[in-house]
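# Descriptive structure summary
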Amino acid sequence: MKKIEINPMTRLEGHGKIAIFLDENGNVDDAFFQTVEFRGYEKFLQGMPIEEVPRTVSTVCGVCRAVHFLCSMKASDDVYGVAPPSTGRKLRELFYSAHTVEDHTAVLYALGFPDFVVGPDASPAERNLVGLIKAVGAETGKLVLQKRGLAVKIFELLGGKPNHPVAALPGGWSKRINEEERAQIEKWAEELVELGKLTLQVFDDVVLKNPKYMELVTGEMYRVEVGNMATVDEQNRFALYDGTQKAIDAQGNVVGTFRGKEYLDFISERVLPWSYLKFPYNKKLGGWDGIKSGPDTNIYCVGPLARMNVVDSMSTPLAQEHFEKFHDTFGAWPVHYIQAYHWARAIEVLAAAEKCLELSRDPEITGSDIWNQPSSCTGEGVGILEANRGTLVHHYITDDQGIVQNANLIVSTTHNNAPINLAVKTAARHFIQDGNVSEALLNHVEMAFRPYDLCLACATHTVTGGQQPVEVNIYKNSGELYKQMKNF
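The rules we used
- Residues numbered from 1 in each chain as written.
- Predicted model: local features only at pLDDT ≥ 70, side-chain atom pairs only at ≥ 80, totals over all residues.
- Heavy atoms only, no water.
- UniProt positions renumbered as here; feature names shortened; annotations may be inferred.
- Disulfide = S-S within 2.5 Å.
- Buried < 20%, exposed > 50% of the residue type's maximum accessible area, 1.4 Å probe, protein only.
- Phe/Tyr/Trp six-rings, centres within 6.5 Å; stacked < 30°, edge-to-face > 60°.
- Helix = DSSP H or I, 4+ residues; strand = E, 2+ residues; numbered from the N terminus.
- Lys NZ or Arg CZ within 6 Å of the ring centre and 35° of its normal.
- Patch = residues over 30% accessible without salt bridge, like charges linked within 9 Å, V, L, I, M, F, W, Y side chains within 5 Å.
- Areas by Shrake-Rupley, 256 points an atom, 1.4 Å probe, with all protein chains shown as cover.
- Salt bridge = Lys/Arg side-chain N within 4 Å of Asp/Glu carboxyl O.

- The name given to the protein in an unreviewed UniProt entry is Nickel-dependent hydrogenase large subunit, with the source organism recorded as Desulfonatronospira thiodismutans ASO3-1.
- Looking at the protein in UniProt, the text filed under Sequence similarities (unreviewed entry) is "Belongs to the [NiFe]/[NiFeSe] hydrogenase large subunit family."

Printed below as a string of structure tokens:
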């Protein structure tokens, strides 16, 4: 049996590889997406004061820093049994909305759009951010970078730093804003709304108006039928910072809703020996049944496409217009075509920008009531945030002094681990046939994971009961493999 490896995978955060096995006829027998790094945050958080955890877990990743910061802060609120006052909560939401704009924009333009703007068959030397800027023009590229930079400025003004924030406290937020700062944020947010409109226009011009690309967007080669999970507000609308978690099965039927520690009634995590990444599944639909798609699967996905499938509507007017166009285009609900993740992500850029503008104009945002001081310790806390890549769970057990005894993180990419494997296998079987393999065809296989916006830097923290699977490859200076050693 012949093995093909895509190693390293490209245009993602973190490190991973794809292994494709061909049968005797040169067709794909099986394919796997594997993570090849281990970080161990759940272990070395033990012994740390819970109020120090947010500043520590924000270093899990240089991209997802705000989501781990806020999610662990929500868990810290729970540990101390205290909720932030209204202004403190709104400052957190404003901060997070700005982060969503800068994160989603980076992912779309640097990781996703090159496959469409430059072309999936283009040379890898061109199929990247530089090639994209050449294709759209330097002025457009400069405009996108300038406007995205304003989201980072809001992030820094509220969070205290442009990279790893420091401003949140259990029970609120440590820094209020004055009227001058509010007015500045409002001007920046107006520019972010324009960035959202521009991004959707780019998607419309490049993808939706191109019949060849729409064959990819609505084709079976990129269709993965699994359940969906996302957060909704009290009106079943799109919600990022807070709300109720809602799960639907692959056919769109509601499985149930949960909040906080109730996640344990819905999510179970499976460890398999060939990956550092865990495999969650919806245990309300049965026990572990393998990595399979179809109407009866208990595998589920999270993230922008899942949110489009779970919510009834968006919470802002301009994003709502595009939400309706999105579902009119696909017809069936839920949508299982994974290239639609890119479109959903572009809609969310606009939604988050509108939310920034709405909050910047809220009279309460400059209020002084930003923190409720904790007075007791409950010893356990769960934070759930609708992270940019999907639902994020932080769960901590502490002693009566708030010292972490145990931690569990279910990261968005972890939820999507099984669907990503299904997507890679489906695409590989479609594009690789009769032994015909080319760089362009392998890029079409990679296009199966990019919609999920992998962040393996965040997601790899599985411990497999005493033995870590390790593979070491030693190469000669000529690049030839000299020796391979592994313990699995």
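Having seen the model, we can carry on.
## Let's talk about the state of the cysteines
- Throughout the structure, instances matching the rule amount to zero disulfides.
- Cys64 takes part in no disulfide bond, and the closest cysteine sulfur to it belongs to Cys455, at a distance of 3.3 Å.
- Residue Cys356 stays outside any disulfide, its sulfur separated by 18 Å from that of Cys64, the closest cysteine.
- Take Cys356: its relative accessible area is 0%, and that puts it in the buried class.

## Considerations on the packing of aromatic side chains
- Under the defined criterion, the tally for this structure stands at 21 aromatic pairs.
- On the numbers, 5.8 Å between centres and 25° between planes, the contact of Phe203 with Trp343 is stacked. One end of the pair, Phe203, is in helix H8 (residues 179-208); the other, Trp343, is in helix H12 (residues 340-360), and 140 residues separate them in sequence. Across the pair, Trp343 and Phe203 agree in class, each one buried.
- Taken together, Tyr109, Phe113, Phe203, Phe326, Phe330, Tyr337 and Trp343 form an aromatic cluster joined through their ring pairs.
- One residue, Arg65, lies across the ring of Phe155, its end atom 4.3 Å from the ring centre.
- Cation over ring: Lys74 sits above Tyr241, and NZ or CZ is 4.6 Å from the ring centre.

## Structural notes on a nonpolar patch on the surface
- Residues Val470, Val472, Ile474, Tyr482 and Met485 make up a contiguous nonpolar surface patch of about 420 Å² in total accessible area.
- Listed by contribution, the elements that provide at least two residues to the nonpolar patch are strand S15 (471-475) and strand S16 (481-486).
- Note that Val472 resides in strand S15.
- Taking the relative accessible area as the measure of exposure, Val472 reaches 36% and is therefore partly exposed.

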